[in-house]
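# A closer look at the structure
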Amino acid sequence: MKITNRARELFQNIGPTVMRFPLAFLYFIAGTGLNAIAIGESFRDADIGRFITTCYVGALAAVVAQIIYERFYSAAQKRWLLYGGAVLFSILYYFLVAAGGLEELPDIIRTSLIFFALWITFVWVPSIRSRTGFHHSLLAALRAGFLAFLFTLVLIIGISLLLGAVDTLLFELPLNTYLHFQNPIYSFIGPLLFLIWTPVYPGKWLESRPREEQETEYAEMEKAITPPRSLEWLISYIVIPLIAVFTVILIAYLLLNITGDFWTDNLLEPMLVAYTTIGILVYLLASTLDNAFANMFIRWYPKVLVPLVFFQTIASFLRMREIGLTHGRYFVLMTGIFTIISGIIFIRFFSKRNTWIGGLLLVFLLMSITPPVDAFTVSRSYYVHQLENALERNNMLQNGQITAADEAAVSDEDKETITRSYQYLNRMNELDRVEGIEASSGSNFDFVNLFGFEPVSHAADDVDDIPDYRRASVFGVTDQMFFNVEEFDQVMRYYFNDEPRNVLTPPSEFAKDGERYTLSTEERDGRGVLLVRNNDTDVLLELDLQRAFEEVLAGASINNDITMEEATFREETEEAVLEIHLLQLNHYSDTPEKYDGEIVIKVGIK
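Just so it is clear, the model here is predicted, and its values are computed rather than measured.

### Overview of the sheet that holds strand 5 (residues 508-512)
With antiparallel pairing, the four strands of this open sheet are ordered in space as 5-6-7-8. The sheet is open, and its two borders are formed by strand 5 and strand 8 (538-544), each paired with just one other strand. Within the sheet, the average angular offset between the axes of one strand and its neighbour, ignoring direction, is 25°. Relative to strand 6 (residues 515-524), strand 5 runs antiparallel, the two sharing five bridges. Directly across from Glu509, in strand 6, lies its bridge partner Thr518.

And the structure:
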């Protein structure tokens, strides 16, 4: 009976939630529809992905606009003005960030930070000049998110099991059927559930409502910001002791190495970023509890955190002066400064000024994505400046042209600077910002021709924030391109993200003159090859797909462009002909066995 009542209550809340967040509801509808189109087209149209992301940026901006309205306003016209701002924000996001394709690392990170900044704003606004603290609204948001995720996961598993039973017992379903049924669950129902469980916080709008409605909403809010018993046990008796033990380990490492390796190695930096992120989150959640463990953690954790992060931030700054300011180190330094300021606030005010933490975090997030002080503009400018200065010191940059130097005439320090700067800018596709470098392509061979010496290997390894990244694409590729298919029986164009041996998984089948043929990828002598078979037995033709990938990446220019001729590979026997066009190809050194990109495969039987 209790479950039935809760289910009825959940369904009854759908209508009021849609009326509360109408603009977000429209964005969810649009995102779900676009996702359905993308699934139907097997995600071939990259433009749809940009529109989908824009829809959900707009939806979150609309939710933030509604929360701002409820907190500070009651007049209806203010609500629509805020909604207009949310729509304008989504339009600006599309043209300033998403229009580039969301394929480059800076665009992906900027988008992630925009989502995070909007979410922090959503959590922070209810706590501004309110009796509801930032830790309270954070708990309510995490609770709503967890419940929405749990319900969504159960629905997806249940639907998948039902479809699996139909596919196994009754009739075969198309492969994308599962995605089509799951799409409205994670694209629409999940976000809607999150909003259903988001309480109405005290503010101007609620004050304008009838007394009975106010009391109902206050009761719902109190339930949302009250920590469940299970969370109290988890935080107090499991997470806090684990953080305490890890803190002892960090302090021991610092004391043992403070006069030696601590200032030069990079072991503690990634650990400390995770430690501070988790620690501050646990601190905020512990602020909603009232027991001995939580109170002790709130009192002592900031006093340990600040000196630890202070020493590591100094070490990171010294490391930056030695090897440069990559975007990864920018984020590490920003995290360190934010943590030190937050720790001082915690020490001075305990949990009484937790609201300041939300505002402070939002300021740092906005700084990290807003040019010219964002991570990627700062790091790019730093390395362009470093490279051009090193070239000028050695008379290698004159009249806008780079001249190869005598290897012996360039100091080891400048070789390291040139190598490090070149490698970073090449990985970030920013080499065209450097004067006189237009003709270079990014390979070691061209590096030697351009600068007159081999790249310094350990200097390149110092740029460790991102894996080595290579990309090649045919200039001017569109979804409306035409290909010559006169001599071919089967033509496919699709995206892949796997090892060469798994590009065609499962194999593609086609028929001609009553005979069945299979096109597949397999491993031969450790290399991925593309095979054409007759009746799954006789191999009519094979093409070394891995060799094609390697040749395309090696031939890419400084702008990552290749011609259609360079992207085309053909094999022909007396029985069949096979031709491929690698329209786009990406490769990261941290997953050397994998490639992702877009390929056109054409096969003909003679």
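### Considerations on empty space enclosed by the protein
This model, assessed by the stated rule, comprises three cavities of 30 Å³ or more. The space that makes up the largest cavity amounts to roughly 80 Å³.

### Section: the packing of aromatic side chains
In this structure the tally under the stated criterion is 21 aromatic pairs. Positioned above the aromatic ring of Trp300, the side-chain terminus of Lys303 is 4.7 Å from the ring centre.

### With respect to unusual backbone geometry
For the peptide bond that leads from Pro371 to Pro372, omega is 5°, which places it in the cis range. Here Pro372 is to be found in the loop between helix 15 (354-369) and helix 16 (375-393). Look at Arg129: it is not a glycine, yet its phi comes out positive at around 45°. Residue class for Arg129 comes out exposed when judged on its relative accessible area of 73%. For Asn395, which is not glycine, the phi dihedral falls at a positive 55°. Structurally, the position occupied by Asn395 is in the loop between helix 16 and strand 1 (397-398).

### Brief notes about the environment of Val248
Structurally, the position occupied by Val248 is in helix 11 (residues 229-257). Owing to a relative accessible area of 55%, Val248 belongs among the exposed residues under this scheme. On a C-alpha basis, the gap between Val248 and Val304 in space is 9.8 Å, while along the polypeptide they are 56 residues apart.

### Regarding the pattern of salt bridges
Inspection of every chain in the model, using the stated rule, returns 18 salt bridges. Between Glu215 and Arg211 there is a salt bridge, and its shortest N-O distance comes to 3.6 Å. Placement of the pair is Glu215 and Arg211 together in helix 10 (residues 211-225), with a separation of four residues, close to one helical turn. Its relative accessible area of 48% is what places Glu215 among the partly exposed residues. Residue class for Arg211 comes out exposed when judged on its relative accessible area of 63%.

### Let's talk about helix 5 (residues 76-96)
Counting along an α-helix, one turn takes 3.6 residues, and residues three or four places apart therefore face a common direction. The terminal C-alpha atoms of helix 5 lie 30 Å apart, and with 21 residues this matches the ideal 30 Å at 1.5 Å per residue to within 8%. For helix 5, every residue scored as buried is listed here: Arg79, Tyr83, Ala86, Ser90, Tyr93 and Tyr94. Down the axis of helix 5, the sector holding all buried residues measures 100°, keeping them to one side. Residues of helix 5 that are exposed and point over 90 degrees away from its buried face: Gln77, Leu81, Phe95 and Leu96.

### Quick notes on the nonpolar core
Ile235, Ile418 and Phe451 are the most contacted members of the largest nonpolar core, which has 117 residues in total. The greatest single-element share of this core, amounting to 13 residues, is contributed by helix 4 (residues 46-72). For Phe451, the contacting residues outside a window of four places in its chain are Leu391, Met396, Ile402, Ala404, Ala405, Ile418, Tyr422 and Ile437. Judged by nonpolar contacts, the second largest core, of 29 residues, contains Phe549, Phe569, Ile580 and Leu585.

### Description of the packing of helix 14 (residues 327-349) against helix 16
Orientation of helix 14 relative to helix 16, taken along the N-to-C sense of each, is 125°, at an axis distance of 8 Å. Judged by the angle between their axes, helix 14 and helix 16 are oblique. The handedness of the crossing between helix 14 and helix 16 comes out as right-handed. Contacts between helix 14 and helix 16 involve His327, Tyr330 and Phe331 from the first element and Ala375, Phe376, Val378 and Ser379 from the second.

### Considering helix 16
Look at helix 16: 27 Å from first C-alpha to last across 19 residues, which is about the 27 Å you get at 1.5 Å a residue. Among the residues making up helix 16, those that are buried are Ala375, Phe376, Thr377, Ser379, Arg380, Tyr383, Val384, Leu387, Glu388, Ala390 and Leu391. For helix 16, the side-chain oxygen to backbone nitrogen distance between the N-cap and Phe376 is 3.3 Å, and the N-cap itself is Asp374. Of the residues flanking the end of helix 16, it is Asn395, one or two places downstream, whose phi is positive at about 55°.

### Considerations on the packing of helix 11 against helix 12 (residues 268-286)
The N-to-C vectors of helix 11 and helix 12 enclose an angle of 145°; their axes lie 11 Å apart at closest approach. Considering how the two elements wind past one another, helix 11 and helix 12 form a crossing that is left-handed. Note on element contacts: helix 12 touches helix 11 through Leu268, Met271, Leu272, Tyr275, Ile278, Gly279, Val282, Leu285 and Ala286, opposite Ile235, Val239, Ile240, Ile243, Phe246, Thr247, Leu250 and Tyr253. Classifying every residue of the contact of helix 11 with helix 12 by side-chain character gives 15 nonpolar, two polar and no charged.

### Things to note about the environment of Arg20
Position of Arg20 among the secondary structure elements: in helix 2 (residues 14-20). By relative accessible area, which is 13% here, Arg20 ends up buried. A C-alpha to C-alpha distance of 9.7 Å links Arg20 and Val200, two positions 180 residues apart in sequence. With residues near it in sequence (within four places) discarded, Arg20 still touches Gln66, Ile67, Glu70, Arg79, Tyr83, Leu195, Thr198, Pro199 and Val200.

### Description of a nonpolar patch on the surface
On the surface, Trp233, Leu234, Tyr237, Ile238, Leu242, Phe293, Met296 and Trp300 cluster together into a nonpolar patch covering about 840 Å² of accessible area. Mapped onto the nonpolar patch, the elements with two or more residues apiece are helix 11 and helix 13 (292-323). For the nonpolar patch, the element with the most residues is helix 11, which contributes five residues. Examined against the element boundaries, Ile238 turns out to sit in helix 11. Residue classification places Ile238 among the partly exposed positions, given a relative accessible area of 45%.

The rules we used
Residues numbered from 1 in each chain as written. Predicted model: local features only at pLDDT ≥ 70, side-chain atom pairs only at ≥ 80, totals over all residues. Heavy atoms only, no water. Pairing = 2+ DSSP bridges. Helix = DSSP H or I, 4+ residues; strand = E, 2+ residues; numbered from the N terminus. Axes fitted to C-alpha atoms, helices over the stretch in contact; angles between N-to-C directions. 1 Å grid on protein atoms, 1.4 Å probe; cavity = no way out; pocket = protein on both sides within 12 Å on 5 of 7 lines; lining within 4 Å. Points joined across faces, edges and corners; volume = space filled by probe spheres on them. Phe/Tyr/Trp six-rings, centres within 6.5 Å; stacked < 30°, edge-to-face > 60°. Lys NZ or Arg CZ within 6 Å of the ring centre and 35° of its normal. Buried < 20%, exposed > 50% of the residue type's maximum accessible area, 1.4 Å probe, protein only. Salt bridge = Lys/Arg side-chain N within 4 Å of Asp/Glu carboxyl O. Expected span 1.5 Å × (residues − 1). Arc of directions from axis to C-beta. Core = buried A, V, L, I, M, F, W, Y, C linked by side-chain atoms within 4.5 Å. Contact = heavy atoms within 4.5 Å. Parallel < 35°, antiparallel > 145°, perpendicular 65-115°, else oblique. Left-handed = near helix turned anticlockwise from the far one by under 90°. Polar contact = N/O pair within 3.5 Å; in protein donor to acceptor, adjacent residues only side chain to side chain. Nonpolar A, V, L, I, M, F, W, Y, C, P; charged D, E, K, R; others polar. Patch = residues over 30% accessible without salt bridge, like charges linked within 9 Å, V, L, I, M, F, W, Y side chains within 5 Å. Areas by Shrake-Rupley, 256 points an atom, 1.4 Å probe, with all protein chains shown as cover.

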